[in-house]
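# Coordinates in review
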Amino acid sequence: MSVAERLQSVFVALAAVLGLAVGTLWPVGAVAGHLVLPALVLLLVAVFVQVDAARVRLARDAGTVVAASLVLNFVFTPLLAWALGVGLLGDAPDLRIGLLLLLVTPCTDWYLVFTGLARGHMGVAAALLPINLVLQLALLPVYVLLLGGEAASVGTGTLVEAVVLVLVVPLVAAALLRWATGRWKGPRWRERVVVAPAGRAVLPLLYLAVLAMFASQARTVAAHLGELAVLLVPLGVFFVVAPLVAVLVARVLRLPGDQRAALTMTTVARNSPVALGIAVAAFPDRPLIAVALVIGPLVELPVLAVLSQLVRVRDPREPDGVSG
């Protein structure tokens, strides 16, 4: 395990803090906002390029972990989000809607990064991605209507447009790149010249996306610090309860280590960029909803970075007591 991987949680937190500082001191919000999507797209291309389609087919033998993930993401998590909102944010409807949008949208992008860092089952993780995508497309308006009270419904067209930009485009680009380079130069050349450099680019691109995200929303965060402080409580509860429940379910089901890591990551990781885009587009006259979503990655990303090391599958070639 490289030094960069060992210190990833520190670098993620530093990128977030630096983004907040830069966005507060200088008027770079608009410029930084334009960097988030390109950085995220490049990040996902780098992630998807490393995924061999043959590994996705291995998920056919992992029906148990797929079923567990669906229950955790689309039954347990929405109920937990509703309970946290009602119990802890009852007097703040916009914060409740923001929390709900964040927690009911399973991640369809950088959870793959952290699954890879945890040496989780990338075939299972990649196979869960389209399932999570389709189900959140179908269920998000239902969740908002049923669990968000009198909140306005989310337009399906807006959600589809957002996920196409941050998911379909990098997925197709990576697939074409793997196919073209493999056909042109062969699998070995592709692994050495394309896949290996893509793996090294993942963490820097992650840090850039985090920095740009927080720089673009720094002044909004500063203007609503009181409200965001209230939101930290339900977020903290979620990011403690969700991984504990995922690990417990994995142990009850006796899942192998790589499947346990994949289940934990897909249960904990949320679709912050997509949820933020949806909030801005669907609720333009209620900025506090978007502000609530801004704080999500600040808590989530360091949690995922640390969690990826806690559930990291040990390489059998490593000596005992060494995790990477």
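Shown above is the structure to which this text applies.
In short, a report on the structure. Per chain, the residues get numbers from 1 upward, laid out in the order the sequence is written. Per-residue local features of the predicted model are confined to residues with pLDDT of at least 70, and side-chain atom pairs are confined, for both listing and counting, to 80 or more; whole-chain, interface and lining totals are unaffected and use all residues. Side-chain measures here rest on the full set of heavy atoms in the structure, leaving out hydrogens and waters.

## A word on the overall build of the protein
Heads up, the rule is: Labels follow the DSSP assignment, with helices taken as runs of H or I lasting at least four residues and strands as runs of E lasting at least two, numbered in each case from the N terminus. When a residue's accessible area, from a 1.4 Å probe over protein chains only, is under 20% of the maximum for its type it is buried; when over 50% it is exposed; and in between it is partly exposed. Note on definitions: a residue-residue contact is assigned when non-hydrogen atoms from the two residues lie within 4.5 Å. All accessible areas in this document rest on Shrake-Rupley with a 1.4 Å probe, and a residue is counted as covered only by the protein chains that are shown.
For the protein, the count of helices and strands is 15 helices and 0 strands. Put simply, the protein has 324 residues, and 50% of those count as buried. Long-range contacts, defined here as pairs at least 24 residues apart, represent 84% of the contacts in the protein between residues at least 6 apart. Counting every atom, the protein has about 14200 Å² of accessible surface; 69% of that belongs to carbon and sulfur.

## Some words on a nonpolar patch on the surface
Test applied: Note that patches include only residues with greater than 30% relative accessible area and no salt bridge, and the join distances are 9 Å for like charges and 5 Å for nonpolar side chains (Val, Leu, Ile, Met, Phe, Trp, Tyr). Criterion for a salt bridge: a side-chain nitrogen of Lys or Arg within 4 Å of a carboxyl oxygen of Asp or Glu.
Taken together, the side chains of Leu37, Val164, Leu165, Val168, Val169, Val172 and Leu176 define a hydrophobic patch exposed on the protein surface, amounting to about 520 Å² of accessible area. With 6 residues, the single largest contributor to the nonpolar patch is helix H9 (residues 156-185). Residue position: valine 172 is located in helix H9.

## Some points on the packing of helix H3 (residues 29-49) against helix H10 (residues 187-216)
Quick reminder of the rule: Angles shown run from 0 to 180 degrees and are taken between the N-to-C directions of axes, each axis being a line fitted to C-alpha atoms and, for helices, limited to the stretch in contact. With respect to orientation, any angle under 35 degrees is reported as roughly parallel, any angle over 145 as roughly antiparallel, any angle of 65 to 115 as roughly perpendicular, and every other angle as oblique. Less than a right angle of anticlockwise turn of the near helix away from the far helix marks a crossing as left-handed, whereas a clockwise turn marks it as right-handed. When residues are grouped by polarity, Ala, Val, Leu, Ile, Met, Phe, Trp, Tyr, Cys and Pro land in nonpolar, Asp, Glu, Lys and Arg in charged, and all others, Gly among them, in polar.
Taken N-terminus to C-terminus, the directions of H3 and H10 make an angle of 155°; their axes are 7 Å apart at the nearest point. Taken together, the axis directions place H3 and H10 in an arrangement best described as roughly antiparallel. Here H3 runs over H10; the crossing is left-handed. Here Gly29, Ala32, Gly33, Leu35, Val36, Ala39, Leu42, Leu43, Ala46, Val47 and Val49 of H3 come into contact with H10, specifically with Val194, Val195, Ala198, Val202, Leu205, Leu206, Leu208, Ala209, Ala212, Met213, Ala215 and Ser216. The residue inventory of the contact of H3 with H10, partitioned by class, reads 20 nonpolar, 3 polar and no charged.

## Let's talk about the side chain of aspartate 94
Its place among the elements puts aspartate 94 in helix H6 (residues 93-103). Judged by relative accessible area, aspartate 94 falls into the buried class, the value being 17%. Those residues in contact with aspartate 94 that lie beyond four places of it in its chain are Arg286, Leu288 and Ile289.

## Focus: the nonpolar core
Using the following cut-off: To form a nonpolar core, buried Ala, Val, Leu, Ile, Met, Phe, Trp, Tyr and Cys residues must be joined to one another through side-chain atoms within 4.5 Å.
Membership of the largest hydrophobic core comes to 95 residues, with the highest contact counts inside it found for Leu43, Leu101 and Trp110. Counting residues per element, this core draws most heavily on helix H15 (residues 287-310), at 13 residues. The contacts of leucine 43, once residues within four sequence positions are left out, are Trp110, Val113, Val202, Leu205 and Leu206.

## Structural notes on the packing of H10 against H15
Here H10 crosses H15 at 145°, and the two axes come no closer than 10 Å. Relative to H15, H10 is oriented so that their crossing is left-handed. Residues Val210, Met213 and Phe214 of H10 pack against Val294, Pro297, Leu298 and Leu301 of H15. Of the residues belonging to the contact of H10 with H15, the class tally is 7 nonpolar, no polar and no charged.

## Examining the environment of valine 233
On the secondary structure map, valine 233 appears in helix H12 (residues 225-252). The exposure class of valine 233 is partly exposed, given its relative accessible area of 46%. Measuring from C-alpha to C-alpha, the distance between valine 233 and leucine 88 comes to 7.7 Å, with 145 residues separating the pair along the chain.

## Description of unusual backbone geometry
With a phi angle near 60°, arginine 119 is a residue other than glycine that sits in the positive phi range. The topology assignment puts arginine 119 in the loop between helix H7 (111-117) and helix H8 (122-147).

## Quick notes on the packing of aromatic side chains
Heads up, the rule is: Side-chain rings of Phe, Tyr and Trp, where Trp is taken by its six-membered ring, are said to pair if the distance between their centres is within 6.5 Å; with planes under 30 degrees apart they count as stacked, over 60 as edge-to-face, and otherwise as tilted. Whether a charge sits over a ring comes down to the Lys NZ or Arg CZ being within 6 Å of the ring centre and within 35 degrees of the ring normal.
Following the criterion strictly, the structure yields 3 aromatic pairs and no others. Seen from their ring centres, tryptophan 184 and tryptophan 189 are 5.6 Å apart, and the 70° between their planes marks the pair as edge-to-face. On the accessibility criterion, tryptophan 184 (62% relative accessible area) is exposed. Given a relative accessible area of 22%, tryptophan 189 falls into the partly exposed group. Ring plane angle 80° and centroid distance 5.1 Å describe the contact between phenylalanine 238 and phenylalanine 239, whose orientation is recorded as edge-to-face. With respect to burial, phenylalanine 238 and phenylalanine 239 carry one shared label: buried. The side chain of lysine 185 reaches across the aromatic face of tryptophan 184, ending 5.0 Å from its centre.

## A few points about H15
Spelled out, the test is: Take the residue count of a helix, subtract one, and multiply by 1.5 Å to get its expected span.
Taking 1.5 Å per residue, 24 residues should reach 34 Å; H15 reaches 36 Å between its end C-alpha atoms and fits that length. For H15, the buried fraction is high: 17 of the 24 residues fall into the buried class.

## Quick word on the environment of alanine 290
With respect to the helices and strands, alanine 290 occurs in helix H15. The class of alanine 290 is buried, set by a relative accessible area of 11%. Once the C-alpha coordinates of alanine 290 and threonine 220 are considered, the two residues, 70 residues apart in sequence, prove to be 9.2 Å apart.

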